[in-house]
Amino acid sequence: MVSVPSSEACLHRIDVSVYRVPLSVPVSTSFGIMADRPAVFLRLTDTEGAFGWGEVFANWPAAGAEHRARLLMLDLAEMVLGTTLQAPSELFSRLERQTHIRALQCGEWGPFRQVIAGLDVAVHDLFARKAGLPLRTFLNAKALDCVPAYASGIHVKDGIDAITLQRKAGHRAFKVKVGFGGGADLAQLSATAASLKPGERLFADANQAWSLPEALAFLNAAKDLDLGWMEEPILADAPESDWVELARATNIPLAGGENIAGRVDFDRVITSKVLKYVQPDVAKWGGISGCLGVAHRALEAGLTYCPHFLGGGIGLMASAHILAATGGSGLLEVDVNPNPLREDFKAAANQVAGGYFKLSEDIGLGIDELPPGIERFKTLELTKTFGH
Ligand SMILES: [Mg+2]
């Protein structure tokens, strides 16, 4: 007799590993340089041997990746192991509640939220795998199998060359990083915009670089470039009145969300509609549970959900599945900088054609095991089982 996996999961084991890929060419943002590409991958296993993968945000601070892995094992594992779940979304709200005092005590809201996000992705992958369904179909039976995508992580000074390359790789939309210095930025952005082919789209991301007057000046100067959106022109936590003033002053849609956490704060920006593109990061806050809710509320408000993500292959696949399950006109952010922690995952590499990212029919996130090629980049590996 074939044994059918149960629809509940008793969580029995956590494995977490940290990776760092050295870079010959650092990744630049307006607020700092990434000298290597880190990733924190976790695997959750239940008592029936079913498993799921998750990824924890680790791009910043530079020393943060190993800390998050230890936080998972020393502070959160005891709240996870031995737990029986009837549905994957049960874990997220329980962990938010259970870690509140500890996060408040140390002021480390971000690391706790990021570890919980990774656990939420893993438990969704686990349930989808047990159900024998791709994650997107587990979330929504009518989910499509491909999503619009854009090439991301491009410095504006490299805009024309990178877009030429990414066009050949199948992309039709591109995002460049700005905020490195007014005059040069604008000239390079204008030249990049002028290099686009008909039907292609260009977005810009200032990574919170500007004051309100600087942002107003840049957006005014860029008003004829036909930008699809301007992302984080000012601080994510700038007064709401600044965001409202900016949104009123420009015809360029504003985007943001990677530095917003929590249902209350997302609901605030969705209600005010200052952001036309809402971009939660699945590995920074919320996991599938939180981001799916934000995505639906954004769509209901007439806004566009675009997952933010610039990490490894697991988080990219989680973002793709949420977008496919949600629908709407949002695009998947696909980092195009060389990174084996993303590219070595078969499900995540070379999936873009004609501007769309194709998802497979494989169960869960489409990831059975970590690519063997990344083993050499491992800096830390920890395991914990229930009762030990
Ligand atoms: Mg951004």
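Structure shown above.
Starting from 1, residues in each chain are numbered consecutively following that chain's sequence as written. Residues qualify for local features only when their pLDDT is at least 70, as the model is predicted, and side-chain atom pairs are given and counted only at 80 or more; totals for whole chains, interfaces and linings, by contrast, use all residues. Side-chain metrics rest on all non-hydrogen atoms present in the structure, leaving aside hydrogens and water.

Student: I'm lost on the side chain of S319 in this one. Help?
Tutor: By the criteria applied, helices consist of DSSP H or I runs no shorter than four residues and strands consist of E runs no shorter than two, each listed in order from the N terminus. The topology assignment puts S319 in helix α11 (residues 313-326). Residue S319 is classed as buried on the basis of its relative accessible area of 1%. Burial classes follow relative accessibility: with a 1.4 Å probe on protein chains only, a residue under 20% of its type's maximum area counts as buried, one over 50% as exposed, and anything between as partly exposed.

Student: Would you mind showing me how to read the nonpolar core here?
Tutor: As a rule of thumb, soluble globular proteins bury nonpolar side chains together. Here the nonpolar core consists of buried residues drawn from Ala, Val, Leu, Ile, Met, Phe, Trp, Tyr and Cys, with membership extended through side-chain atoms lying within 4.5 Å. By size, the foremost hydrophobic cluster in this structure holds 76 residues, and its most contacted members are L44, L119, L189, L227 and M230. Once residues lying within four places of it in the same chain are set aside, the contact partners of M230 are A204, A206, W210, F218, L219, I252, P253, L254 and A255. Core analysis: the next-biggest nonpolar cluster, separate from the first, contains 42 residues, W53, A320, L323 and F345 among them. Only heavy atoms matter for contacts: two residues are in contact if any of them lie within 4.5 Å across the pair.

Student: Mind showing me how you'd approach the coordination of the magnesium ion here?
Tutor: Working reference: metal with six octahedral donors, ideal angles 90 or 180 degrees; metal with four tetrahedral donors, ideal angle 109.5 degrees. Metal donors were taken as nitrogen, oxygen and sulfur atoms no farther than 2.8 Å from the ion, or 3.2 Å where the ion is Na, K or Ca. Water is excluded, so coordination may look unfinished. At 2.1 Å from the magnesium ion lie its protein donor atoms, namely D205 (OD), E231 (OE) and E258 (OE). Mapping the donors of the magnesium ion onto the primary sequence gives the spacing D-x25-E-x26-E. With E231 in strand β8 (residues 230-231) and E258 in the loop between β9 (254-256) and α9 (263-272), the pair connects residues that are 27 residues apart, well separated along the chain. E258 matches E231 in its accessibility class, with the two residues each being buried.

Student: What's the story with the pattern of salt bridges in this structure? I'm lost.
Tutor: Any carboxyl oxygen of Asp or Glu that lies within 4 Å of a side-chain nitrogen of Lys or Arg is treated as forming a salt bridge with it. With the rule as written, the count across this model stands at 22 salt bridges. With a shortest N-O distance of 2.9 Å, R37 and D335 are connected by a salt bridge. In this pair, R37 is assigned in strand β2 (residues 32-46) and D335 in strand β12 (residues 332-335), connecting sequence segments 298 residues apart. Here R37 matches D335 in class, with each residue buried. Where R136 meets E361, a salt bridge forms, and the shortest distance between an N and an O atom there is 3.0 Å. Within this pair, whereas R136 is found in helix α4 (residues 135-139), its partner E361 is found in the loop between β14 (356-358) and β15 (378-385), the two being separated by 225 residues in sequence. A relative accessible area of 2% means that R136 is categorised as buried. Since its relative accessible area comes to 54%, E361 is described here as exposed. Through salt bridges with shared partners, a single network forms among R37, D335, R342 and E343.

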